[in-house]
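# Fold and geometry: a report
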Amino acid sequence: MVAIYVVVAVSILATMGLSLYRAEVGPTWFDRILALNAFGTKTVLLISVILFMIGRPDFLDLAMLYSLMSFIGTVAVLRFSKYGHFDEIDQESEVEAT
Amino acid sequence: MSFLADFICAVFLLSGSFFVIVGAIGIFRLPDFYTRLHGAGVTDTLGAALILLGLTFQSGLSLDTVKLLMILLFLLVTGPTSCHALAQAARVNGLEPKHLAASVDAKTDSD
């Protein structure tokens, strides 16, 4: 059983390596944001698999917290790229968008 | 009974890792941003769901299963949401899909 965890962990690490390549090379900024989003999701999976591999699945709260943080980070970067600021977006945003 | 749980867990984990690697190859090799977004988003959600479901077979009926299912639920909700936000941001900022631009040029050239 530990061997299967090792295989899964190595495949997730290979995925993270390929995502880092795209984060470095990707010609547009959106490629890099996509790569970071995928990297965050794979980090959550890697934490879960390694916790089960060492036999102490008590720290799954870390994986839950990291998935929340990476999602908020991705949405914050996209919101900033659309509006240019982090302030309140209300009716005036329709004037900004045009 | 424990052997059956281990076997089903292994099947889920290995198929999940297969989809995760397919998603990585998609991010690495596909030619355009929108194709990479599709490959990464779909296989990201599916591979994560399979791996987390496989891990629930290993932890039985306990608090860890509830935590894993909560992580899975959150990934299933936020994965497609962030992919859609990314596609909309790219489209609003003027990133054209490569094939669309090529077909528009082909139509004007043939006229």
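Before any of the text, the structure's been laid out above.
Report follows, based on the coordinates. (Residues numbered from 1 in each chain as written. Chains lettered and ligands numbered in written order. Predicted model: local features only at pLDDT ≥ 70, side-chain atom pairs only at ≥ 80, totals over all residues. Heavy atoms only, no water.)

### Observations concerning the overall build of chain B
Broken down by element type, chain B carries four helices and zero strands. The linear arrangement of helices and strands in chain B, starting from the amino end, is α-α-α-α. The proportion of buried residues among the 111 residues of chain B is 41%. For chain B, the proportion of contacts with a sequence separation of at least 24, taken over those separated by at least 6, is 66%. For chain B, the accessible surface area stands at approximately 6100 Å², while carbon and sulfur atoms represent 73% of it. (Helix = DSSP H or I, 4+ residues; strand = E, 2+ residues; numbered from the N terminus. Buried < 20%, exposed > 50% of the residue type's maximum accessible area, 1.4 Å probe, protein only. Contact = heavy atoms within 4.5 Å. Areas by Shrake-Rupley, 256 points an atom, 1.4 Å probe, with all protein chains shown as cover.)

### Focus on the environment of Ala85(B)
Take Ala85(B): it is sitting in helix α3 (residues 63–92). Residue classification places Ala85(B) among the partly exposed residues on the basis of a relative accessible area of 24%.

### Looking at the environment of Met69(A)
Secondary-structure assignment places Met69(A) in helix α3 (residues 60–83). When the C-alpha atoms of Met69(A) and Ala3(A) are compared, they prove to be 31 Å apart, with 66 residues separating the residues in sequence.

### Examining the packing of aromatic side chains
One pass over the full model with this rule turns up six aromatic pairs over all chains. Ring centres of Phe71(A) and Phe74(B) lie 6.0 Å apart, and the angle between their planes is 85°; this geometry places the pair in the edge-to-face category. Here Phe74(B) lies in helix α3 and Phe71(A) lies in helix α3, a pairing that spans two chains. Seen from their ring centres, Phe33(B) and Tyr34(B) are 5.3 Å apart, and the 65° between their planes marks the pair as edge-to-face. Taken as a pair, Phe33(B) and Tyr34(B) share a single burial class, namely buried. An aromatic cluster is present here, built from Phe30(A), Phe33(B) and Tyr34(B) joined pairwise through their rings. Lying over the aromatic face of Trp29(A), Arg32(A) brings its terminal NZ or CZ to 5.1 Å of the ring centre. (Phe/Tyr/Trp six-rings, centres within 6.5 Å; stacked < 30°, edge-to-face > 60°. Lys NZ or Arg CZ within 6 Å of the ring centre and 35° of its normal.)

### Topic: the interface of chain B and chain A
Residue-level contacts link 40 residues of chain B with 39 residues of chain A. Here chain B and chain A share three salt bridges between them. One salt bridge connects Asp31(A) with Arg36(B), and the closest N-O pair in it is separated by 2.6 Å. For the interface between chain B and chain A, the tally reads six residue pairs in polar contact (both at pLDDT 80 or more). Secondary structure elements with two or more residues in the side of chain B that touches chain A: α1 (2–29), α2 (33–59) and α3 of chain B. For the side of chain B that touches chain A, the class distribution of residues is 27 nonpolar, seven polar and six charged. (Salt bridge = Lys/Arg side-chain N within 4 Å of Asp/Glu carboxyl O. Polar contact = N/O pair within 3.5 Å; in protein donor to acceptor, adjacent residues only side chain to side chain. Nonpolar A, V, L, I, M, F, W, Y, C, P; charged D, E, K, R; others polar.)

### So, the pattern of salt bridges
Residue and element names in this part refer to chain B. This structure, assessed with the given rule, holds four salt bridges over all chains. The shortest N-O distance in the salt bridge between Arg91 and Glu96 comes to 3.7 Å. For Glu96, a relative accessible area of 42% gives the class partly exposed.

### Focus: the packing of α1(B) against α2(B)
Residues and elements named next belong to chain B. Interaxial distance between α1 and α2 falls to 8 Å at its minimum, and their mutual angle equals 165°. Judged on the interaxial angle alone, α2 and α1 are roughly antiparallel. Crossing hand, α1 versus α2: left-handed. Tallied by class, residues from the contact of α1 with α2 come to 16 nonpolar, ten polar and two charged. (Axes fitted to C-alpha atoms, helices over the stretch in contact; angles between N-to-C directions. Parallel < 35°, antiparallel > 145°, perpendicular 65-115°, else oblique. Left-handed = near helix turned anticlockwise from the far one by under 90°.)

### Overview of the side chain of Asn37(A)
By the element assignment, Asn37(A) lies in helix α2 (residues 29–54). For Asn37(A), a relative accessible area of 11% puts it in the buried group. Excluding anything up to four places from it in sequence, Asn37(A) contacts Thr74(A) and Ser82(B).

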